[in-house]
Structure formats: C-alpha cells, structure tokens
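# Examining the three-dimensional arrangement
Below, each chain spelled out in residue letters.
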Amino acid sequence: MRQRRSPQKSRERARPNGEEPGKRVTLPRALSKLGHCSRTQAERLILDGRVSVDGRKVTDISAWVDLASAKIRVDGTDVVAEAKIYLMLNKPRGLVTTRDDPEGRPTVYDCLKDFEAPHLSPVGRLDKASEGLLLFTNDTVFAQTLLDPLTHITKTYHVQVNRIMDSEMLAAMTYGVRHDGEVLKATSATLLRSGDKNAWIEVELDEGRNRQIRRMLETLDVECLRLVRVAIGGLALGELPRGAVRVLTDAELKELRKRAGMEMARRN
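The following paragraphs examine the structure supplied in this document. Computed from a predicted model, the values in this text were never measured in an experiment.

Turning our attention to the pairing of strand β15 (residues 224–232). Of all 9 residues in β15, 7 are buried, a share of seventy percent or more. Across 2 bridges, strand β9 (residues 131–137) lies against β15 in parallel orientation. Paired with Glu131 across the strands is Val228, a residue of β15. As paired strands, strand β10 (residues 155–161) and β15 are joined by 7 bridges and run antiparallel to one another. Considered in β15, the bridge of Lys155 is made with Ile232.

What follows deals with helix α6 (residues 212–219). Along α6, 6 of the 8 residues are buried, which leaves the element largely enclosed by surrounding structure. Residues of α6 that are buried: Gln212, Ile213, Arg214, Arg215, Met216 and Leu217. Buried positions along α6 lie against β10, α5 (167–175), β11 (177–179), β12 (182–184), β14 (199–205) and β15. Immediately beyond the C-terminal end of α6, within one or two residues, lies Asp221, with a positive phi of roughly 60 degrees.

Time to look at the pattern of salt bridges. This model, assessed by the stated rule, comprises 12 salt bridges. When the shortest N-O distance is used, the salt bridge between Asp139 and Arg257 registers 3.5 Å. One end of the pair, Asp139, is in the loop between β9 and α4 (140–147); the other, Arg257, is in helix α7 (residues 250–259), with 118 residues separating them in the sequence. Overall, Asp139 belongs to the buried group, its relative accessible area being 9%. For Arg257, a relative accessible area of 6% corresponds to the buried category. One salt bridge in this structure joins Arg259 and Glu255, with 2.8 Å as the shortest N-O distance. Linking Arg259 with Glu255, this pair stays in helix α7, spanning 4 residues, or about one helical turn.

What counts and how
Residues numbered from 1 in each chain as written. Predicted model: local features only at pLDDT ≥ 70, side-chain atom pairs only at ≥ 80, totals over all residues. Heavy atoms only, no water. Buried < 20%, exposed > 50% of the residue type's maximum accessible area, 1.4 Å probe, protein only. Helix = DSSP H or I, 4+ residues; strand = E, 2+ residues; numbered from the N terminus. Pairing = 2+ DSSP bridges. Contact = heavy atoms within 4.5 Å. Salt bridge = Lys/Arg side-chain N within 4 Å of Asp/Glu carboxyl O.

Right, dumping it as structure tokens:
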C-alpha cells in the first residue's frame, strides 16, 4: 500500500541547496517572511538598490540570506519581524478581496480599519458575490501552508440554489462534473433544507479552484443564489456578525496548525 507523503516533508524536500527550513531563504522571501512587504514588492526594492544585508547593498533578487543571523535594512532602516496577527472576517456580499480596486469598489480591507497592521493579507479569496469566513494574517508561512494543495484543508460552504437538489445531482458534485474541459468535484455535497422552489445545500471542498462551486452548479443547470463559507478546517464562522472581525484564539490557531501539519513540524 502506497504511503501518503506528509505535506511538511514534501515541502522540505523541495527546498534547493539543502537549506534549513525557515532559516536560509531568498532575500525577497526573507522580506516577506519578516512582514515588511510582499515578495513582488521586495524584488522591486532590491532591484532599485534600496536593500542591504550585513551592511552591503544587494541588487540580486536570487541572493540567499540566513534569517537567523542576517541584518537586513531597507533605505537604511532595520527590518525586524512584525508580531504575527491572525484574524477572521465574516465577509459581506459585495466586497472584493483585494487591497486596492481599480474600479473603486469597496474591498474587504474596509472592514479592517481598526487593525493597524500594514502587511495583513487574505488567506485565499472569496469572490464579490460570496460571503462568510475569510482569514487574514501577516504570517506568510502560515498562509502558504493553508493554501498548499498538499495540506488538503477542507472548506465548508452553505449554498442556496434556485431549485430542489435531488440525490443524483448531489452525487454528481462529489463524483465530478466537467466544466470548460476541467473536472470539478466536491469532497461532499448534502441537502440541508428545502422549500417549494429552492434549497440550501452544504458543500465541502479540499481544493480552491476559481469559482468552483458556482461552475459546478452551472454545469448542472442550477443557479447559485447565495454562497456562504462557514468553516475552514475545524475553524467555524459561528455567530460572528456580518462585516465583523476578530482575532483567532490560541486554541483555534493551534487546531489549524495541527490540521496543516505545522504543529508536527514545530516539534521536529
């Protein structure tokens, strides 16, 4: 029987040059891990000659540094690690998941005005018409681990549709449907409740393809009326009001790390 390789081991084996995980990284990644900026922004800073390591200017974006010992500066100012922040938002419908929108539409960052952390980023996305649980953090390693397909972190959605879903349609969602040449499938799909003309179903995914549930329903000739993400892994949206934000508890963060294989990596 073939053993499934753990997500952490897969990521560690993929690291070049045999560097110690979490210590020796490229300079753009170092700036990102320290919470100074994104990797794309870091590359621009480096190419513009604004970054120094141990007193020497570095303009090579492929340069490696040791996070445990390197002294990194941007424009002459030391870059130090920000305190890690982990937030959950009950995203309202109508907000786009981006920091700045060229069309001037309201964004999820309008809900984060009370949190003065310049480098908070969403962990994944919810499209403009979708609602529910959305995580934010400045911990790039944590975010990337949750988003890694190898971790198989489940996401649970409650979806209102414009018709009654029979058992065959629900089974088709778990078996897989083809949309534009791509096979899309859910981990599970069950009926929650139904009325005369519409129904609510619960759909669980362990992957994050673009508009996946809406595309699956479209293939089945079903219209999605509302889509609410209610859980990520063991973290439930609960009674958090729409548009409200709160800090994850230590227990919630520990459980997410455990499900992503990060607690095991810490012990090792």
